[in-house]
Amino acid sequence: MQKFKPTAIVLALSTVLLGCQDKGPQKEKVTIEKNPYPSTYQPHSAGSTLITNATVLTGTGERLEETDILLKEGKISQVGKDLSVQADVTIDAQGKWVTPGIIDVHSHLGAYPNPSVESHADGNEMTKPNTAQVWVEHSVWPQDPGFNRAREGGITTLQILPGSANLFGGRSVTLKNVPSPTMQGMKFPDAPYGLKMACGENPKRVYGGKGVAPYTRMGNMAGYRAAWAEATEYKQAWEQYNAAYAAGLNPDAPERDIRLDTLRGVLDGEILIHNHCYKAEEMAMMIDLSKEFNYHSGTFHHGIEAYKVADLLAENGNCAALWPDWWGFKMEAYDMVPENVAIVDAVKNSCAVVHSDSDTTIQRLNHEAAKIMNTANQAGFSLKEQDAIKWITYNAAKSLGIEDKTGSVKLGKQADIVIWDRNPFSVYSKAETVYIDGAKVYDRFDEKYQAVSDFMLGQR
Amino acid sequence: MNNFKVSLLTGALLASSAAFAQITAITNAKVHTLTDAGTLEGATVVIENGTITAINPANVAADVTIDAKGRVLTPGFIGSMNQLGLVEVSAVAGSRDAGDDKADVDFDASPAFNPRSSLIPYGRKGGITQNLVVPHGGKSIFEGLAFVVDLSGEFNSVLKTRTALVVDMDASGSGSRAMKYKTLTEKLEGQQQKLSEKDKKDDKKATKKPTQEELVLTAVLKGDMPVVVEVERASDILEVLKVKAQFGLNLVLWGVNDAVLVKEHIAKANVPVVISAVSNLPTSFSSLHADLSNAGELERAGVKVLLSGFAFEGAHNLYQLRFDAGIAVAHGMSYDGALKAVSSNIAEVFGLDGGKIASGQRADLVLWSADPFEYSTTLDKLWINGEEVSTKSRHDKLRERYTTDSDMPRAYTK
């Protein structure tokens, strides 16, 4: 059931007894709980850790040599050379590299988990082109072994998105990549929700193939516009209700619609758009669409043709979350260039992000960034490690609206940190130790810190 | 005879042309021969008429000399288990020729191969010079016949057809995998029966002309044609090894995420395996032992390991094979083993000319700025059949169009 009145009895009574919404004593105000599935995440108890003599990529464009980092009370507490501090644990990171925890803005872990069996296909509510009412967090299986594999590759934060069959696929959720028996135990505290939208071939193929709208790209656009028009009215109805109530009147609350709640969250600036959109002309139209209905068009995911409109994306403050090299599986993925991320990144005020959309490449986002950096440099760019790391740390955090919390080596930020055995842009590089909020969550050389999902326990 | 060169005539014509008369010497290279000669420093490799004619000769009389300045020379790498040239855009039905509902034992997709596919120059960027193209069949467990192409992009680039029979013995989407064994063994027994009857008759004139399917099955039973069996679970691997023993198959196992459980059996049966270096998730109950360490572990058990691209790499991103090899090394495979796994092992198992740097070998070569597995390494030169071939593709044209300043709209930048 998608529509229901949370206060149906109260409203029915008031209609009978009072007849008119403007008279009599005020009924209890109807409010919408915006966080009904709150995070219960607690960092593992963390003593202080001092990492010494590392090559540090800050995530914000700097490379620091022979640098020490103190992780204390879950935060990055000090950064500098030859820190004279005592810590519970000191790690000599001579010859090793340190980066912020890696962030993947596009994952389906838990929603399309492994084993990928029919009982687990929970990633896409392909029943209507607009399913803004579904929340992918309600599909997340925390025992997906992929979370552990991703952590071993340095992933500390990831956004789980619903699939791309629908114009509006539902809400995303941002997770801390910690083992937990519940989704709430992984949920990134105070991260904004996202709304998955999809352009192009997928919605029109899935629904057009069934003989229902959208059948064409113009059908896609009509579908978005109708939904935003409806959401605008819904928003106004609630604003009128709130204003009337505040004025001491006794109005009837609008009918609650959880699909429109999500769209209204976007119009209110509380929910961020994450838009599966490959083509230049479509991204340009999605930007205009957002202006037509007064919201921000957010992050374009996959954006195979982002390089064709790099200026426009930067001008409008869009992040572009891209693969290094996937192509050719659809017409909209035909015009790939492996320098896409670098071309987008080269524009002032840009926000280029490397994403995985894969349970495999999420394990090596540093390698994905390395491919781009080197290919681009061969084509005349002069990118360095300290530039490329931004694509999978700070810029990714920005796309998710959590750049004030994680995504860079900066004092006061959450101590989400990876120690690599060497330059993380080498094909031979591996994460050695991973910290989330200062707590060690992975150690390549200590089984005590190698989590195993319930599913895999006793299987090998 | 099932293995033959389709381009013998064309090859002979080309070989006599002036362009092939020239002798090229690559000097001062670090040469990974992938033969018993090992890795040679400061070595010279001579190419003539599409063939490597000498390594470190006493005297070099070359028309063209390329000083490698210590850079790395490897054989061209060999892709496998993908649909290169049979698929341009996966979602465009008219550009897909790798499968057919009616495909069966005798499905040879090589006439559908398109050497002008945009995937081919993109594959060259990864130093790929040859590829074993594998159809993906239809409803039958028999997916069809693999064939070999080079990545020259020329119209004569199909080098060898009917290279291997491909059989899918992995878990069924419906019904039981047991039925697949029934189908496979009945097919082979049926052909065995026919052959023994034919031997008895001893009247060749009365014998009907064999069908394409019979020709394939005969080659398989004689061990002339390798049989690639796609399988994952350890118990299934053992069952397939039994089938091999029963019929004397020239077996190649493909997929085998659980192979480490039965590695000794595979090694003892002398069966090579084709795996992905980056497969490490329990995608099904048949793949619970997928792990990044598998390539190294199988190698140490004495199994001949061939690396092929992972699912999403497929034909479009064939170029990534060298990086996969690097990941295999990072997780325990030997460096030489990884090099062989993307070149000479594939050539040996499927009977290709190439994959090694030795006198008499086809001159498919790549000159790298440094370690070919590393992201920062560039491909400096690539030769296919002795001809230097560009690695430019339409991707480069697109990049250049959108990164070159012009007063005109981009559409005029070509």
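Scroll up to find the structure.
Residues numbered from 1 in each chain as written. Chains lettered and ligands numbered in written order. Predicted model: local features only at pLDDT ≥ 70, side-chain atom pairs only at ≥ 80, totals over all residues.

(A) Structural detail: the overall build of chain B. The number of helices and strands found in chain B is 11 helices and 16 strands. Computed over the C-alpha atoms, the radius of gyration of chain B is 22 Å, within 12% of the 22 Å expected from 2.2 N^0.38 for a compact globule of 414 residues. Within chain B, the fraction of its 414 residues that count as buried is 51%. Once local pairs closer than 6 in sequence are excluded, the contacts in chain B between residues at least 24 apart make up 69%. (Helix = DSSP H or I, 4+ residues; strand = E, 2+ residues; numbered from the N terminus. Rg over C-alpha atoms; globule rule 2.2 N^0.38 Å. Buried ≥ 20, exposed ≤ 12 C-beta atoms within 10 Å, placed from the backbone. Contact = placed C-beta atoms within 7 Å.)

(B) How the structure looks around the packing of helix 3 (residues 178-201) of chain B against helix 4 (residues 212-222) of chain B. Residue and element names in this part refer to chain B. Their axes nearest at 10 Å, the elements helix 3 and helix 4 cross at an angle of 90°. Considering the angle they form, helix 3 stands roughly perpendicular to helix 4. Contacts between helix 3 and helix 4 pair Lys 187, Leu 188, Gln 191, Gln 192, Lys 194 and Leu 195 from the former with Glu 214, Leu 217, Thr 218 and Leu 221 from the latter. Here the residues of the contact of helix 3 with helix 4 sort into 4 nonpolar, 3 polar and 3 charged. (Axes fitted to C-alpha atoms, helices over the stretch in contact; angles between N-to-C directions. Parallel < 35°, antiparallel > 145°, perpendicular 65-115°, else oblique. Nonpolar A, V, L, I, M, F, W, Y, C, P; charged D, E, K, R; others polar.)

(C) The arrangement of the interface of chain B and chain A in detail. Taken together, the contacts link 33 residues of chain B with 40 residues of chain A. Elements that contribute at least two residues to the side of chain B that touches chain A include exactly helix 8 (321-330) and helix 11 (394-403) of chain B.

(D) Local environment of the sheet that holds strand 9 (residues 194-198) of chain A. All names here are of chain A. With mixed pairing, 8 strands are arranged side by side in an open sheet as 6-7-8-9-10-11-12-13. The sheet terminates laterally at strand 6 (102-107) and strand 13 (352-354), the two strands that pair on one side only. Strand-to-strand twist across the sheet, computed as the mean angle between neighbouring axes with direction ignored, equals 25°. Here 3 bridges tie strand 12 (residues 319-322) to strand 13, and the two strands are oriented parallel to one another. The residue of strand 13 that forms the bridge with Leu 322 is Val 354. (Pairing = 2+ DSSP bridges.)

(E) Fine view of the pairing of strand 15 (residues 379-384) of chain B. All names here are of chain B. Pairing between strand 14 (residues 365-368) and strand 15: 4 bridges, direction antiparallel. When the sheet's bridge partners are listed, Leu 365 is paired in strand 15 with Trp 383. Pairing between strand 15 and strand 16 (residues 387-388): 2 bridges, direction antiparallel. Each residue of the ladder has a partner; that of Trp 383, found in strand 16, is Glu 388. In this antiparallel pair of consecutive strands, strand 15 and strand 16, the connection spans 2 residues, and Asn 385 shows a positive phi of 50°.

(F) Examining the nonpolar core more closely. Residue and element names in this part refer to chain B. Of all hydrophobic cores here, the largest spans 238 residues; its most connected members are Leu 253 and Val 273. Ranked by residue count, the leading element in this core is helix 8, at 7 residues. Sequence-distant contacts of Val 273, that is, excluding residues within four places in its chain, are made with Leu 253, Val 256, Ala 259, Ile 266, Leu 298, Val 303, Val 305 and Leu 306. (Core = buried A, V, L, I, M, F, W, Y, C linked by C-beta atoms within 7 Å.)

(G) Focus on helix 5 (residues 234-247) of chain B. Residue and element names in this part refer to chain B. Across its 14 residues, helix 5 extends 20 Å between first and last C-alpha, which sits within 8% of the 20 Å expected from 1.5 Å per residue. For helix 5, the complete set of buried residues consists of Ala 234, Asp 236, Ile 237, Val 240, Leu 241 and Lys 244. All buried residues of helix 5 lie within an arc of 155° about the axis, which places them on one face of the element. Exposed and oriented more than 90 degrees from the buried face of helix 5 are Ala 245 and Gln 246. Looking at the buried positions of helix 5, the neighbouring elements they touch are strand 10 (227-231), strand 11 (251-255) and helix 6 (263-268). One or two positions beyond helix 5, positive phi appears at Gly 248, with a value near 65°. (Expected span 1.5 Å × (residues − 1). Arc of directions from axis to C-beta.)

Interpretation in functional terms is not warranted from these geometric data alone.
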